[in-house]
Amino acid sequence: MQNLAPIALFVYNRPEHTRRTISYLQKNLLADESRLFIFSDAPKTEDDKAKVEQVRNFIKDVSGFKSAKIIERKENLGLANSIISGVTQLVAEYGKIIVFEDDLLSSPHTLEYFNEGLNRYAKEEKVMHIGAYMYELADKKLPETFFWRAATSWGWATWGRAWNHFEDDVDVLLNQFDKQKTDQFSINGTMNFWKQLTGFKAGKNNSWAIRWYASIFLKGGLTLNPSTSLIQNIGNDGSGVHSNKEDMYQVRIGRAAIKQFPTEIKENPQAYAAIKNFLKNRKGTLLQRGVRFVAQLRVKYLVKK
């Protein structure tokens, strides 16, 4: 496979998560033919300095890729601005990109999947995003890959032609929604995507991902996804700046190579129904919700201590 997409890895202050993420990436087929760019954000506080330095010391010796370039930020950009600027930089140079954060374990076939998808749909304007993570869906009869509307941010890829439509101004995005679009955007109210978007406006989160999904949605774009996840997120342990301790999004990583890709460029209704069912029931019973809430409080309390 020629003309492979560059890999952008965004790291901060979690040396063990970073080590595991890179270890799994190194085991990917095509890793040794891929260019890796590691964006290391500067510490936000004095307390973060030591961990950031540990991460930076570790990534200096990364091998197993065609090349590895480290971009050390001199000032703290925060995750959102770091990703937006890094992606913009690389798609301008390479026309496409694969994006990882520092808490994602990948299948040995994840890079193959990304590059195959990027090549297959390079000229399909409607296809704007490729995600590698997928929920643990109950429907086991789904095709290996499918299109649907929402963009997952735990391991993804895109093209410069699609990223050009990224709108970072939340007011521009919000002004394009009506009641019907809000319902469709939120998967008929089963996921809090709209709350995330309005939450960004209110300063309650700093998500680049919700603005990216909104940008895709408002352009009528589609995202390519595997029915069995090629990514496991290990950041939902309370260690991340933007993550809680929870297990509802835990999955088993698919070990097989992806062979099937959709030929029809439209949302798969069977996949939509399966994802909607997962989202509707993901929080479980009242007891399960209570146990999860207590666990999250404990993590927040321990972090503060």
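Peer 1: Describe helix H10 (residues 269-281), naming the residues involved and giving the relevant values.
Peer 2: Its 13 residues give H10 an end-to-end C-alpha distance of 18 Å, which sits within 8% of 18 Å, the value for a rise of 1.5 Å per residue. Among the residues of H10, Ala271, Tyr272, Ala274, Ile275, Phe278 and Leu279 are the ones counted as buried. Seen along its axis, H10 keeps its buried residues to an arc of 165°; they face one direction. Away from its buried face by more than 90 degrees, H10 exposes Pro269 and Lys280. Of the surrounding elements, those touching the buried residues of H10 are strand S7 (145-148). One side-chain oxygen of the residue at the start of H10 lies 2.9 Å from the amide nitrogen of glutamine 270, identifying that residue as asparagine 268.

Peer 1: Give a detailed account of the packing of aromatic side chains, specifying residues and quantitative values.
Peer 2: Following the criterion strictly, the structure yields 27 aromatic pairs and no others. Ring centres of phenylalanine 177 and phenylalanine 217 lie 5.8 Å apart, and the angle between their planes is 0°; this geometry places the pair in the stacked category. Within this pair, whereas phenylalanine 177 is found in the loop between helix H6 (170-174) and helix H7 (179-185), its partner phenylalanine 217 is found in helix H9 (residues 208-218), the two being separated by 40 residues in sequence. When its relative accessible area of 12% is taken as the criterion, phenylalanine 177 is described as buried. By relative accessible area, which is 13% here, phenylalanine 217 ends up buried. Geometrically, the ring pair formed by tyrosine 249 and phenylalanine 278 is tilted, given 6.4 Å between the ring centres and 50° between the ring planes.

Peer 1: Describe in detail the confidence of the model for the chain, supporting the description with residues and values.
Peer 2: For the chain, mean pLDDT is 92; residues scoring 70 or higher make up 89% of the total. For the stretch residues 240-245, pLDDT sits under 50, and the model shows 19 contacts to residues farther than four places along the chain or on other chains.

Peer 1: Explain the sheet that holds strand S8 (residues 156-159) to me, using residue names and the numbers behind them.
Peer 2: Here we have 8 strands laid out as an open sheet, ordered S3-S2-S1-S4-S8-S6-S9-S7, and mixed in their pairing. Taken across any chain shown, the strands that pair with only one partner, and hence form the sheet edges, are strand S3 (67-72) and S7. On average, each strand axis in the sheet is inclined to that of its neighbour by 25°, with strand direction left out of account. Against the sheet, helix H2 (residues 49-59) contacts strand S1 (7-11), strand S2 (35-40) and S3, and its axis sits at roughly 160° relative to S2. Its contacts with the sheet put helix H3 (residues 78-94) on S1, S2, strand S4 (96-101) and S8, and the angle it makes with S4 is roughly 155°.

Peer 1: Outline the pairing of S2, supporting the account with residue identities and numerical values.
Peer 2: With 5 of its 6 residues buried, S2 lies for the most part within the structure. As paired strands, S1 and S2 are joined by 5 bridges and run parallel to one another. In the sheet register, alanine 8 faces S2, and the bridge partner there is phenylalanine 37. Following the backbone out of S1, through helix H1 (residues 15-26) and into the adjacent parallel S2, one traces a crossover that is right-handed. Pairing analysis gives 6 bridges linking S2 to S3, with the strands arranged parallel. Bridge pairing in S3 places isoleucine 38 opposite isoleucine 70. For the crossover that starts at S2, traverses H2 and ends in the parallel S3, the hand is right-handed.

Peer 1: An account of the pattern of salt bridges is needed here, citing residue identities and associated values.
Peer 2: Tallied over the full model, the rule gives 11 salt bridges. Across the pair lysine 140 and glutamate 136 runs a salt bridge whose closest N-O atoms are separated by 3.8 Å. By relative accessible area, which is 60% here, lysine 140 ends up exposed. A relative accessible area of 30% places glutamate 136 in the partly exposed class. Connected through salt bridges with shared partners, the residues Arg14, Asp102 and Asp103 form a single ionic network.

Analysis parameters
Residues numbered from 1 in each chain as written. Predicted model: local features only at pLDDT ≥ 70, side-chain atom pairs only at ≥ 80, totals over all residues. Heavy atoms only, no water. Helix = DSSP H or I, 4+ residues; strand = E, 2+ residues; numbered from the N terminus. Expected span 1.5 Å × (residues − 1). Buried < 20%, exposed > 50% of the residue type's maximum accessible area, 1.4 Å probe, protein only. Arc of directions from axis to C-beta. Contact = heavy atoms within 4.5 Å. Polar contact = N/O pair within 3.5 Å; in protein donor to acceptor, adjacent residues only side chain to side chain. Phe/Tyr/Trp six-rings, centres within 6.5 Å; stacked < 30°, edge-to-face > 60°. pLDDT = per-residue confidence, 0-100. Pairing = 2+ DSSP bridges. Axes fitted to C-alpha atoms, helices over the stretch in contact; angles between N-to-C directions. Right-handed = clockwise from strand over helix to strand, strands pointing away. Salt bridge = Lys/Arg side-chain N within 4 Å of Asp/Glu carboxyl O.

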